[in-house]
Amino acid sequence: CYRVNGSASDHEIANGKIKDKEEGCEGHVKQAKRSKHKGWVTKRPDLKAISEMLNKNEVLYHERYFGDLPGIEVGHRFYSRAEMVAVGLHKLLLKRIDYIGKPYVKSEYNGYTFPLAAAIVMSGQYEDDFGNREEIVYTGEGEKDIPGKKRQFSDQVMRCGNLALKNNKKQSVPVRVIRGHKCDDSYSKKVYSKKVYIYDGLYKVTGYWDEKGVSGFKVFKYRLKRLRGQDNLTSQNQVHFVRGKVSRVQQELPGLVCKDLSNGQEDKCIPVFNFYNPSLAPTGFKYINSIKVAKNVSIPPDAPGCNCRGKCTNPRSCSCAQLNGGDFPYVSRDGGRLFEAKDVVFECGPNCGCGPECVNRTSQQGLKYQLEVYRTKEKGWAVRSLDFIPSGAPVCEYVGILRKNDELEDISENDYIFEIDCWHTMKGIGGRERRLGDVSLPMSNLVDEVDERTLESEPEPEFCIDASSFGNVARFINHSCDPNLFVQCILSSHHDVRLARIVLFAADDIPRMQELTYDYNYAIDSVIGPDGKTKQLPCFCGTSECRKRLY
Ligand code: SAM
């Protein structure tokens, strides 16, 4: 066990930010004493880590900085406050206003009057807070019963963070705003602090006043306005509001042509934006959220399953883990992230004893990120995420009608065909390494053993997913020669690789609002038109790796 000496007060004192405990505001001093006398210990990995990092001076930005921090974009997600301390976004583990300077006394430096606030957290702890997308009314800090009833117990005083925010207003110094909301992904398991935090950008303090708060005591209020020119929040679902409320006033947003492309079929709605032609929405297809099978395609019987119960946890006793080379392909963080791209992932299926929450069913759990479809200048529709997507997370399955390839009239005229070609994926096209070491997999009725020879004489794909008339959000994802998604073949109900599910995963940490793309992997000059001539399609992916043509 580690002593948690990285609490706000201890850390502040240790780093000489607040030299004398008596200079600190009461909250800081009380916290410091409590932690020393009770000898806090923790099992939480984030707190252990931050404790070590603080002791070894290994956190980023020791000194506090104002404004944006390099590498931390609007929408960046933190799974505990310790992570924000580690990167210097908000350097206090418990307090909500992170400020620089002495708490009571005005001091001057470089022409500025201190204390000055660098960052604030807004996470529903204060009953008087109010926030919407562009404007926040933020309650000052202190004299509050946290983590008790979260009520004010006496009048707030103009000192510490309160004084700092007042100075921010006077000197027009912007403050970083971080919004917290309840989320099971949090490192904390305590009900009141089980939160995830999202960086919401820079705000300026435009006013302050005091008033009688909800509990009848004086509270300071600060009006904050989001600075212009930051990443546009085109949908509000990204921003989580106090007391767990999520605003859904999307109808007021400019360019919105459809509130939910999925018509309620997905767990998250998928808005569509068109800033070029606000009366044009995607048409000509019907949204479906799972594969439809053409009449002449027969799906093999369900594969035998594992005998685990609840969630698969022991790879030695789980037969599905054995199919994946002896371990689970996913880490459970963030609701399941693929360790690495694999030739084929064997997930748990209908005959397995585990339940829907099992980590080895990660790709079966629906959309996890807030996606939106938008119109581009040169590529038609495209898809992006309003949420940060961590590397290895499943983004969506490619859904449509499962058909036989030889029945399609003219593939070259259909933009929405995805050939199920796991051999192609296995050979590492798309920048992925082929790992023959892993391929001692029972690859269904197609092959018993995969080796160099069989890969060289790869069979032609027999089946495809046709999303031209029925499909999901994946049909709008464009090609890039330097993509941020990769294609993963997945077998869950049966083990026939010719009919594998196609799921798109994040190849990197994907910042919010970045277009989602994968490599379509056409060979140049491989597409022949109905007239027998080679077809060409210029690529507008715009990356430095661009091959100039899709095919
Ligand atoms: N943009 C499509 C739409 O509007 O429905 C969604 C993708 S659809 C599966 C594939 C088609 O999108 C391609 O045939 C091509 O017309 C276009 N496309 C995708 N990526 C492209 C790129 N990098 N450059 C140019 N066109 C692209």
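Residues numbered from 1 in each chain as written. Predicted model: local features only at pLDDT ≥ 70, side-chain atom pairs only at ≥ 80, totals over all residues. Heavy atoms only, no water.

(A) Quick look at helix α5 (residues 160–171). Between its terminal C-alpha atoms α5 stretches 17 Å, which fits the 16 Å expected from 12 residues at 1.5 Å a residue. Burial of α5 is extensive: 10 of the 12 residues sit out of reach of the surface. Burial in α5 covers these residues: C160, G161, N162, L163, A164, L165, K166, N167, N168 and Q171. (Helix = DSSP H or I, 4+ residues; strand = E, 2+ residues; numbered from the N terminus. Expected span 1.5 Å × (residues − 1). Buried < 20%, exposed > 50% of the residue type's maximum accessible area, 1.4 Å probe, protein only.)

(B) Region of interest: the sheet that holds strand β28 (residues 485–491). Here we have 4 strands laid out as an open sheet, ordered β19-β28-β29-β22, and mixed in their pairing. A single partner strand is all that each edge strand has here, and the edge strands are β19 (345–346) and β22 (394–397). (Pairing = 2+ DSSP bridges.)

(C) Seen up close, empty space enclosed by the protein. If you walk through the whole model with that rule in mind, you get 4 cavities of 30 Å³ or more. Lining the largest cavity are 12 residues; nearest its centre among them are I420, W423, E460, P461 and R498. Split into classes, the residues belonging to the lining of the largest cavity amount to 8 nonpolar, no polar and 4 charged. (1 Å grid on protein atoms, 1.4 Å probe; cavity = no way out; pocket = protein on both sides within 12 Å on 5 of 7 lines; lining within 4 Å. Points joined across faces, edges and corners; volume = space filled by probe spheres on them. Nonpolar A, V, L, I, M, F, W, Y, C, P; charged D, E, K, R; others polar.)

(D) Summary view of the packing of aromatic side chains. Tallying each qualifying case throughout the model produces 10 aromatic pairs. An angle of 20° between the planes, with centres 5.8 Å apart, marks the rings of F486 and F505 as stacked. Pair noted here: F486 is in strand β28 and F505 is in strand β29 (residues 501–506), with a separation of 19 residues, a long-range link. When its relative accessible area of 13% is taken as the criterion, F486 is described as buried. (Phe/Tyr/Trp six-rings, centres within 6.5 Å; stacked < 30°, edge-to-face > 60°.)

(E) Summary view of the sheet that holds strand β21 (residues 381–385). Pairing within the open sheet is mixed, and its 4 strands lie in the order β13-β14-β20-β21. Whereas interior strands pair on both sides, the edge strands pair on one side only; in this sheet they are β13 (256–258) and β21.

(F) Main features of helix α3 (residues 45–55). What α3 keeps buried is the set D46, L47, I50, S51 and L54. Along the axis of α3, the buried residues cluster in a sector spanning 135°; they form a single face. Residue N57 follows α3 closely and has a positive phi angle near 55°. (Arc of directions from axis to C-beta.)

(G) Broad picture of the pattern of salt bridges. Tallied over the full model, the rule gives 17 salt bridges. In this structure, R498 and E462 form a salt bridge, with 3.4 Å as the shortest nitrogen-oxygen distance. Note that R498 is positioned in the loop between β28 and β29 and E462 in the loop between α8 (452–456) and β25 (463–466), a separation of 36 residues in sequence. Through salt bridges with shared partners, a single network forms among E135, R223 and K225. (Salt bridge = Lys/Arg side-chain N within 4 Å of Asp/Glu carboxyl O.)

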